[in-house]
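# Chain and residue survey
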Amino acid sequence: MRINHNIAALNTLSSLNNASSAQSKSMEKLSSGLRINRAGDDAAGLAISEKMRGQIRGLDMASKNSQDAISLIQTAEGALNETHSILQRMRELAVQSSSDTNTVEDRKNLQEETNQLVQEIDRISTTTEFNTQKLLNGGFKGTFQIGANESQTLNLSIGKLDSAALGLTGTSTLESGVAVTANTLKDGTYTVSGTNLLDADGNTVGTIAAAGVVKDAAGNTAIDFTNDVADKAVIQISGGKAELKQQLTANGAKLAAGNYEIAGTNVLKDGQIAGTFAAGNITINNPDGTTTNVAAADIGQTAALASGNKFTINGSDISTRASASGSITSIDKAINQVSAERSKLGAVQNRLEHTITNLNTSSENLTAAESRIRDVDMAKEMMEQTKNSILAQAAQAMLAQANQQPQGVLQLLR
């Protein structure tokens with residue numbers, strides 16, 4: 001018999017420590033609800049779980065980003081809804097003014113309302129904002145992060161939708177459909193200041209060279225118009241196509257809005273003979289018996305007018321019957337332009353709604369996968385805790401018995 005080392009007690013103590021340690025870990029898992037509380041619990045599982053958590057939180061934030069993008073689109077689209085209403089009212093006034101049941105004074109009052117409506121379109125274009133960002137001045141070109149990872153984005157640009165861009169002011173559209181050859185000039189409305197090309201924010205993004213050549217900031221030829229580009233001209237780019245709008249002189253502004261074509265010695269307006277052409281000048285016959293003589297410079301064209309030339313006079317002048325009739329066409333074009341922009345915004349919004357649904361579904365499925373790795377099975381762990389608790393109690397009882405064994409040596413000392 002040995003008393004210096006109680007081997008039975010040592011073995012029992014080891015079992016007790018193991019059972020107590022296992023019981024402690026089980027209680028920790030039960031109290032936290034997690035199977036992995038530290039890397040030592042499952043090193044590989046922890047790494048996989050943390051990667052999944054990054055994806056889940058990224059998907060949730062991407063879903064929020066998409067919802068914010070929808071809010072931005074709804075703000076812009078709501079403003080354009082009012083622009084649509086204004087244009088419909090302007091068209092109504094133009095149709096009313098086209099009838100000779102109205103007197104000069106009547107048309108003056110109709111024109112006054114039209115002018116106010118045009119100013120309101122400009123105000124909507126310049127003041128519509130989302131989170132301090134202007135949406136309808138042609139300067140908004142946004143990129144939305146709609147995924148959990150890099151480059152999972154959606155791009156959106158909103159065109160300039162003021163009265164000038166909508167063709168409601170006195171400009172002439174000399175060319176349209178010219179291809180844009182450089183990718184550095186994005187869709188939007190640009191203005192010409194001297195020989196500089198400015199974007200919606202007034203930043204210089206290109207230059208105007210001779211013979212109607214538009215160059216980007218890198219000096220590459222972006223657009224090659226057949227007509228020279230004059231100061232204060234407006235260039236609209238959409239879908240890789242460019243349209244040139246030149247400013248009218250006071251004399252050019254006398255032309256009623258509409259589509260003009262020089263056909264031989266005749267000048268056609270909306271397909272009807274409206275005047276004559278001779279010696280490079282247009283002579284328009286006005287309803288009151290007077291005539292209006294217009295040269296190339298009056299409509300912003302640098303080259304001499306010739307048979308076959310086509311141009312469009314934009315505007316919303318309804319002060320005369322002829323002007324009001326032509327303005328109907330200009331307003332129709334403006335309505336179609338706003339409709340196209342709203343249609344684009346609506347399509348993006350619908351896409352984002354599907355994106356949100358997909359993101360939420362992916363987040364839900366990843367959360368379930370991460371839960372299977374990270375979360376504890378409460379029933380199973382309760383069973384383990386109960387087992388370890390019983391083993392600990394049994395080890396305590398056996399340790400007490402083992403501690404009594406050395407006392408048998410006392411019987412030999414009697």
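Refer to the preceding data block for the structure.
What counts, and where the lines are drawn
Residues numbered from 1 in each chain as written. Predicted model: local features only at pLDDT ≥ 70, side-chain atom pairs only at ≥ 80, totals over all residues. Heavy atoms only, no water. Core = buried A, V, L, I, M, F, W, Y, C linked by side-chain atoms within 4.5 Å. Buried < 20%, exposed > 50% of the residue type's maximum accessible area, 1.4 Å probe, protein only. Helix = DSSP H or I, 4+ residues; strand = E, 2+ residues; numbered from the N terminus. Contact = heavy atoms within 4.5 Å. Pairing = 2+ DSSP bridges. Phe/Tyr/Trp six-rings, centres within 6.5 Å; stacked < 30°, edge-to-face > 60°. Salt bridge = Lys/Arg side-chain N within 4 Å of Asp/Glu carboxyl O.

## A short note on the nonpolar core
Membership of the largest hydrophobic core comes to 39 residues, with the highest contact counts inside it found for Met-90, Leu-136, Leu-156 and Ile-158. Elements with a contribution of two residues or more to this core: α2 (43-97), α3 (104-127), β4 (153-157) and α4 (321-374). Among the elements that take part in this core, α2 stands out by supplying 12 residues, more than any other. Residues contacting Leu-136, with those up to four places away along its chain left out, are Ala-76, Ala-79, Leu-80, Ile-124, Ser-125, Thr-128, Ile-158, Gly-159, Lys-160 and Leu-161.

## Side note on the pairing of strand β12 (residues 241-247)
Pairing between strand β5 (residues 171-179) and β12: six bridges, direction antiparallel. Following the sheet pairing, Glu-175 is matched in β12 by Leu-244. Turn length for the strand β11 (residues 234-238)-β12 hairpin, with the two strands adjacent in sequence and antiparallel, is two residues, and the turn residue Gly-239 shows positive phi of about 60°.

## Concerning the packing of aromatic side chains
Per the stated rule, a full pass over the model turns up one aromatic pair. Arranged with centres 5.3 Å apart and planes meeting at 5°, the rings of Tyr-260 and Phe-311 form a pair that is stacked. Taken as a pair, Tyr-260 in strand β13 (residues 258-263) and Phe-311 in strand β18 (residues 310-314) lie far apart in primary sequence, 51 residues in all. Phe-311 matches Tyr-260 in its accessibility class, with the two residues each being buried.

## Topic: the environment of Arg-123
Assignment of secondary structure puts Arg-123 in helix α3. Each C-alpha atom, one on Arg-123 and one on Asp-162, is 8.0 Å from the other, the two residues being 39 residues apart in sequence.

## Some details on the pattern of salt bridges
In total, this model carries 19 salt bridges according to the counting rule given. A salt bridge links Asp-41 to Arg-38; the shortest N-O distance between them is 3.8 Å. Of the residues examined, Asp-41 reaches a relative accessible area of 26% and is grouped as partly exposed. The partner of Lys-269 in a salt bridge is Asp-270, with the nearest N and O atoms 3.2 Å apart.

Purely spatial values, then, with no claim about function.
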